[in-house]
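The chain contents come next:
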Amino acid sequence: MSSTPPLRGDSAPTLPSVDASAPQRAGTDFPGRARIGERTLRTDRWWLQPLVTVTVLGIFILYTGVRIFMRDYYWVEEYSYLTPLFSPCLSDSCAPGSSHLGTPLPELPFFIPLPFLIFPILAGFRATCYYYRKAYYRSFWLSPPACAVAEPHTRYSGETRFPLLVQNAHRYFFFAASLLLLINTYDAILAFFPDTGFGIGLGSLILVANVALLWGYSLSCHSCRHITGGRLKHFSKHPLRYKAWTIISKLNARHMQFAWISLVSVMVTDLYILAVSAGWISDLRIVG
Amino acid sequence: MSYAAHFRVWRGDAGGGELQDFSVEVNEGEVVLDIIHRLQATQAGDLAVRWNCKAGKCGSCSAEINGRPRLLCMTRMSTFTEADTITVTPLRAFPVIRDLVTDVSFNYVKAREIPAFAPPKGVAAGDYRMEQIDVERSQEFRKCIECFLCQNVCHVVRDHEDNKDSFAGPRYLMRIAELDMHPLDEMDRTKQAQDEHGLGYCNITKCCTEVCPEHIKITDNALIPMKERVVDRKFDPLVWLGSRIRRRENV
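Residues numbered from 1 in each chain as written. Chains lettered and ligands numbered in written order. Predicted model: local features only at pLDDT ≥ 70, side-chain atom pairs only at ≥ 80, totals over all residues. Heavy atoms only, no water.

**Q** Could you clarify how one ought to interpret the packing of aromatic side chains in this entry?
**A** How two aromatic rings sit relative to each other is given by the distance of their centres and the angle of their planes. With the rule as written, the count across this model stands at 21 aromatic pairs over all chains. Both rings, one in Phe174(A) and one in Phe175(A), keep their centres 5.6 Å apart while their planes meet at 50 degrees; by these two values the pair is tilted. Accessibility expressed as a relative area gives 40% for Phe175(A), which makes it partly exposed. Through successive ring pairs, a cluster of aromatic residues spans Phe125(A), Tyr131(A), Tyr132(A), Tyr172(A), Phe174(A), Phe175(A), Tyr217(A) and Trp260(A). One Lys or Arg, Arg126(A), reaches over the ring of Tyr217(A) and ends 4.3 Å from the middle of that ring. Against the face of Trp245(A) rests Arg137(B), its NZ or CZ located 5.3 Å from the ring centre. (Phe/Tyr/Trp six-rings, centres within 6.5 Å; stacked < 30°, edge-to-face > 60°. Buried < 20%, exposed > 50% of the residue type's maximum accessible area, 1.4 Å probe, protein only. Lys NZ or Arg CZ within 6 Å of the ring centre and 35° of its normal.)

**Q** Whenever I open this one, the interface of chain A and chain B confuses me. Can you help?
**A** Size of an interface, as often reported, equals the accessible area lost when the parts are brought together. Contact residues are listed per partner, giving 65 residues for chain A and 71 residues for chain B. Across the interface of chain A and chain B, roughly 5,900 Å² is buried in total on both sides, 52% from carbon and sulfur atoms. Linking chain A to chain B there are nine salt bridges. Inspection of the region where chain A meets chain B yields 42 residue pairs in polar contact (both at pLDDT 80 or more). Residue assignment for the side of chain A that touches chain B shows that the elements contributing at least two residues are helix H3 (130–139), helix H4 (170–190), helix H6 (222–230) and helix H7 (239–252) of chain A. The residue makeup of the side of chain A that touches chain B, split by class, is 24 nonpolar, 23 polar and 18 charged. (Contact = heavy atoms within 4.5 Å. Buried area = accessible area lost by both parts, 1.4 Å probe. Salt bridge = Lys/Arg side-chain N within 4 Å of Asp/Glu carboxyl O. Polar contact = N/O pair within 3.5 Å; in protein donor to acceptor, adjacent residues only side chain to side chain. Helix = DSSP H or I, 4+ residues; strand = E, 2+ residues; numbered from the N terminus. Nonpolar A, V, L, I, M, F, W, Y, C, P; charged D, E, K, R; others polar.)

**Q** Would you explain the sheet that holds strand E1 (residues 3–13) of chain B in this entry?
**A** Sheet strands line up and pair through hydrogen bonds in the backbone, either parallel or antiparallel. Residues and elements named next belong to chain B. Reading across the sheet, the five strands line up as E2-E1-E5-E3-E4 and stay open at both edges, with mixed pairing between neighbours. Looking along the sheet, the strands with just one partner apiece sit at the ends: strand E2 (16–26) and strand E4 (68–71). When strand polarity is set aside, the average angle formed by the axes of neighbouring strands in this sheet is 30 degrees. Where E1 meets E2, eleven bridges bridge the pair, whose relative direction is antiparallel. What sits directly across from Arg8, in E2, is Asp21. Against the sheet, helix H1 (residues 32–42) contacts E1, E2, strand E3 (62–65) and strand E5 (85–89), and its axis sits at roughly 100 degrees relative to E2. (Pairing = 2+ DSSP bridges. Axes fitted to C-alpha atoms, helices over the stretch in contact; angles between N-to-C directions.)

**Q** Just to check I follow, could you spell out the environment of His234(A) for this structure?
**A** The residue His234(A) is located in the loop between H6 and H7 in this model. Relative accessible area serves as the criterion here: at 10%, His234(A) is assigned to the buried category. Here Pro183(B) takes part through its backbone oxygen, which lies 3.1 Å from a polar atom of the side chain of His234(A).

**Q** Would you mind showing me how to read the confidence of the model for chain A here?
**A** When pLDDT is low, close inspection of the predicted coordinates is not appropriate. All names here are of chain A. Residues of chain A with pLDDT of at least 70 account for 91%, and the chain-wide mean is 91. No element of chain A has a lower mean pLDDT than strand E4 (residues 285–287), at 91, and none a higher one than helix H5 (residues 202–219), at 98. Contacts from residues 1–7, a stretch scored under 50 in pLDDT, to residues over four places away or in other chains number zero contacts. (pLDDT = per-residue confidence, 0-100.)

This is how it looks when you write it as C-alpha cells:
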C-alpha cells in the first residue's frame, strides 16, 4: 500500500541537530548558513560606542578606586560639604564633624577604605543595573561588541550560571542604595546650614544637583519600575500604583542618560570637594 | 534624479557562494528592494529574494544591508550617498536556501513551543472582559510583524548555534511576556520562561530593540520585566515569603 505524501504544513518543523562533540565556533560561520567569512559587514563606526564606554567607565573605576583609599579631602568643615563617596562616614577614623550618623565603627587600619561598607553597595547597584550590564557586556566582554558584530567567545551561557546569577540581586542593591541616597540628600541640605549659619555656595548647589541626578537614576531603575507596579497583572485594581508605574516608566525611558550623567556628577562633586578641601580653589559663595 | 549605484549582493546556497558586484540604476524615492527587483529584471534574472507587501508590514524581506539587519522595503536609498557601496546579504543566523532567502523554520519551532493563551476555565471566547489599562501594556507586543530581525541579530543564537535548542529568542520571550501580562491568562509562564525558553541567556544588550522595524521596546518592556518576574519567583526570598504569608496570586 502506498503512503500518501505529507501535505505541506502537515508536519511540525524541527531544529537541525547540532553535533555537541564538534569543536565550538563563534560567529556566523556555521554549516548551512551563507558563507560570508567576514566578522561583520558593518561600514559604520560600530566600535566607537564600546570605546567611549570603556574610556568613561575606566576613568570612573580608576578615579573612585584611588579616591576611596585616600583618607583626606572628603570633608569641608567650614561649609559642611561631604563627598557622596564617603557618606555616611561611620568610623572613628573619619574627620571630626563628618559623621552625621555617629561612629559605630572603631579606627580602621590604613588598608581598609573609610567607605568600605557603602562603596560595595554603590558599586553593586551600578554593576547589576540593567543599563550598565548592556554597556559592559558589550564594551568590556565583547558579548557582542556591537549588534551584528560577531563575538570572540566560543561558548556562551549568559546569565544562567554563577557568578552572573548574582545580577538577579539588583533590587536589593536598589533598596540599599536608596537608603544611602536619603543620607546624601540630608548631606546636601546640611551644606546650606554650616556652623556659621545659612549660606549658599557653588559646592552646595553641586551637591543638590548631584542628589537630584542620583534620584533620577535610582527612580528610573528597572527594578524600581517593577516593584512599583510592573509586577501587577491588573492595573485597574491598583490605581495609585498604576499612576506611579506610569511616571516611573517615563523616567525609565531616560535611564541610560541618568546613568551616565549621574556617574559624571558623582565624580565632579567629589572632585570639587577635594579641590576645596585641599585648598586648590576656594568655594564660590553666593550667600553667606 | 538617477544615478548608478554600486551593489554587492551575496549569491549562492548552502554549498557556498560569494558577493557579486553590480552597477545598477537608482531613482529618486526608491528603496533597496526596488533596486533588488531591478537587478532581477535586468542583470540577474534568477536572483532569489523573499518579499510580499513592500510596506514594512509582512516581515518577508528581512536581510542584512551593509551588515545591519533591515527590511529591504523599508531601507530608503536616500540614506546612502551616491559613492556608497551597498552590500546586501541574507540573514546570517539562519540556514541559507538561495541568495537572499533563508530558512527561518527555527522560529516556527520556537513558536510551537510556547503554550497558547490560557483563559479562565468556563469563560467562552466571546465572554472575555477586561479593562483597557490592564491589556494595553501587552498590546505593544502585538505590533510584531514576525520579520525575525530580532531573532537574527540576537548573539545568543547568531554566534552560538548550540544555543538554539535552549533559547527561544527575543521574539518568543516577548510572546511569553505578552501572555504573562495579559489580564485573563492564567498559566504560570515565569518559570517556563527561565527554565524552558532560556530567558537567562539574554544579557540585555538590546540589539533586538535596535533592529525592530516596529520600534517595539522589546528589552525594556518585555525581557527585563520578565526577568524581574523571574526574580520574584526564583531568586527573591522576601517576595517568596510574602507570597507564602499573604497567598496572593494574580494581582
